[in-house]
Amino acid sequence: MKRILILFLWVGVAVQAQSNQELINHYKAYYKQMQKQADAQGVINALTHLNVLQPSTQRQDTLAYVYMSEGMYFQALNTSGIELNPTDSDMSVEVKAVSLKAMKQVEKAIPFFEELFKREATVGVAYELAEMYLQTQQLLQATKYVEYGIENSKPDVGRTYYESQQPYQVPIKAGFLYLKALVTFNKNKATNIDTAITTLDEAIALAPNFNLAYITKQALQGQKNPPQPETKN
C-alpha cells in the first residue's frame with residue numbers, strides 16, 4: 001500500500017512539473033509575440049506569469065523596467081522595491097531612480113542617481129543630479145555636477161525639454177549652462193542677477209531655440225527692472 005501511495009505521489013509531481021513547464025513554454029512564446037506586437041500590457045502580463053512560475057531576479061528587473069517605461073512608476077517600485085542594494089543590477093537602480101524622481105520623491109531619488117553615476121559617470125546622470133540638487137537647494141553639490149557636465153559635454157549629446165507645446169532638443173552643454181545660471185542666481189538673488197543673465201546668454205548662443213533659457217532670462221530681467229506703477233495725473 002505504501003509503495004502504491006509513493007507511486008501516486010511521484011506521478012502527481014511529474015504531471016505537475018510537466019504542467020508547469022508547458023505553462024512556462026506558453027508564456028515564453030506569448031512574451032515574444034507581445035514584444036513583436038509592441039503590446040506593453042501583454043509583455044507585463046507575460047513577465048508576471050513567468051516570474052510566478054519561474055522566479056528570476058533578471059525577469060523581475062525587466063518587469064519593473066517595463067512598468068517604468070510605461071509611466072507606471074508605483075507598480076515599478078512595488079516590483080523592484082525602494083532599497084538601495086549594492087548587488088542591484090544597473091537596470092534595477094535606474095528603475096528606482098527614475099520612478100522616485102517621477103513621483104516627486106527627489107530626496108529619495110538622489111542616492112540612486114548617485115549610485116548610477118558611481119557605476120558609470122555620464123553627463124546625462126550628472127544633469128539629473130545637478131537639477132535635483134538645485135531643486136533641494138544643495139547648491140555646492142549642484143555646482144559640482146554642473147561643472148562636470150560643462151567640462152564633459154559633447155556636441156552630439158542633446159537634452160530634450162517639454163515646457164512648450166512642441167518638445168525640442170538643445171545641446172546638453174547649453175542645458176548645463178542654464179542650470180549654472182540658476183545655481184548662480186540662487187546663491188545670491190540680490191547680487192547675482194547680471195551674472196546669471198550672462199550665463200543664460202551663453203546657453204542661448206549655443207542653442208538659439210532654447211525657449212526655457214529665454215523665459216528664465218526674461219524673468220530675471222523683470223526682477224532687475226520691475227515695471228514701475230503708473231502715476232495718476
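See the structure printed just above.
Residues numbered from 1 in each chain as written. Predicted model: local features only at pLDDT ≥ 70, side-chain atom pairs only at ≥ 80, totals over all residues. Heavy atoms only, no water.

1. Overview of the environment of L139
1) Next: When you line up the elements, L139 lands in helix α8 (residues 139–152).
2) Next: Its relative accessible area of 14% is what places L139 among the buried residues.
3) Next: Excluding anything up to four places from it in sequence, L139 contacts L134, V183, N186 and K187. (Helix = DSSP H or I, 4+ residues; strand = E, 2+ residues; numbered from the N terminus. Buried < 20%, exposed > 50% of the residue type's maximum accessible area, 1.4 Å probe, protein only. Contact = heavy atoms within 4.5 Å.)

2. What to know about the packing of helix α7 (residues 123–135) against α8
1) Next: Following both chains from N to C, one finds α7 and α8 inclined at 155°, their axes separated by 8 Å at the closest point. Relative to α8, the element α7 lies roughly antiparallel. Crossing angle aside, the handedness with which α7 passes α8 is left-handed. Contacts between α7 and α8 pair V123, A126, L129, A130, Y133 and L134 from the former with L139, Q141, A142, Y145, V146, Y148, G149 and N152 from the latter.
2) Next: When grouped by side-chain class, the residues that make up the contact of α7 with α8 number eleven nonpolar, three polar and no charged. (Axes fitted to C-alpha atoms, helices over the stretch in contact; angles between N-to-C directions. Parallel < 35°, antiparallel > 145°, perpendicular 65-115°, else oblique. Left-handed = near helix turned anticlockwise from the far one by under 90°. Nonpolar A, V, L, I, M, F, W, Y, C, P; charged D, E, K, R; others polar.)

3. Here's the deal with the nonpolar core
1) Next: The biggest cluster of nonpolar side chains holds 48 residues, and the ones touching the most others in it are F113, L129, Y178 and F210.
2) Next: Put simply, the parts of the chain that give this core at least two residues each are α5 (90–102), α6 (106–119), α7, α8, β2 (168–171), α9 (172–187), α10 (193–206) and α11 (211–224).
3) Next: Ignoring sequence-local partners within four residues, the contact set of Y178 consists of Y127, L200, A203, F210, L212, A213 and T216. (Core = buried A, V, L, I, M, F, W, Y, C linked by side-chain atoms within 4.5 Å.)

4. Some remarks on the packing of aromatic side chains
1) Next: With the rule as written, the count across this model stands at eight aromatic pairs.
2) Next: Relative to Y30, the ring of Y27 lies with its centre 6.2 Å away and its plane at 85°, an arrangement referred to as edge-to-face. Of the two residues, Y27 and Y30 both sit in helix α1 (residues 2–36), three residues apart, roughly one turn of that helix.
3) Next: Looking at Y27, the relative accessible area reads 15%, which means it is buried.
4) Next: Relative accessible area serves as the criterion here: at 27%, Y30 is assigned to the partly exposed category.
5) Next: Relative to Y168, the ring of Y161 has its centre 6.0 Å away and its plane inclined at 25°; by these criteria the two rings are stacked.
6) Next: Through a chain of ring-to-ring contacts, three or more aromatic side chains come together here, namely F117, Y133, Y145 and Y148. (Phe/Tyr/Trp six-rings, centres within 6.5 Å; stacked < 30°, edge-to-face > 60°.)

5. Points about the pairing of strand β1 (residues 158–161)
1) Next: Alternating residues of β1 divide into R159 and Y161, all buried, and G158 and T160, none buried.
2) Next: In this structure, β1 lies alongside β2, joined through four bridges in antiparallel fashion. What sits directly across from T160, in β2, is Q169.
3) Next: Remark: six residues form the turn of the hairpin made by β1 and β2, two consecutive strands paired antiparallel. (Pairing = 2+ DSSP bridges.)

6. A closer look at the pattern of salt bridges
1) Next: For the coordinates displayed, the defined rule picks out eight salt bridges.
2) Next: The salt bridge involving K118 is made with E115; its shortest N-O contact spans 3.2 Å. Here the residue K118 and the residue E115 both occupy positions in helix α6, the gap between them amounting to three residues, near one helical turn.
3) Next: The buried category is assigned to E115, whose relative accessible area is 12%.
4) Next: With a closest N to O distance of 3.3 Å, E128 and R159 form a salt bridge. Here R159 lies in strand β1 and E128 lies in helix α7, a separation of 31 residues in the sequence.
5) Next: Using a relative accessible area of 16% as the deciding quantity, one classes R159 as buried.
6) Next: A cluster of three or more residues bridged by salt bridges with shared partners is formed by D90, E115, K118 and R119. (Salt bridge = Lys/Arg side-chain N within 4 Å of Asp/Glu carboxyl O.)

7. Here's the deal with the packing of helix α2 (residues 40–53) against helix α3 (residues 57–69)
1) Next: Where α2 meets α3, the closest approach of the two axes is 10 Å, and the angle between their N-to-C directions is 155°. Considering their axes alone, α2 and α3 lie roughly antiparallel with respect to each other. For the element pair α2 and α3, the recorded crossing hand is left-handed. Contacts between α2 and α3 involve A40, V43, I44, L47, T48, L50 and N51 from the first element and R59, Q60, T62, L63, V66 and Y67 from the second.
2) Next: Of the residues belonging to the contact of α2 with α3, the class tally is eight nonpolar, four polar and one charged.

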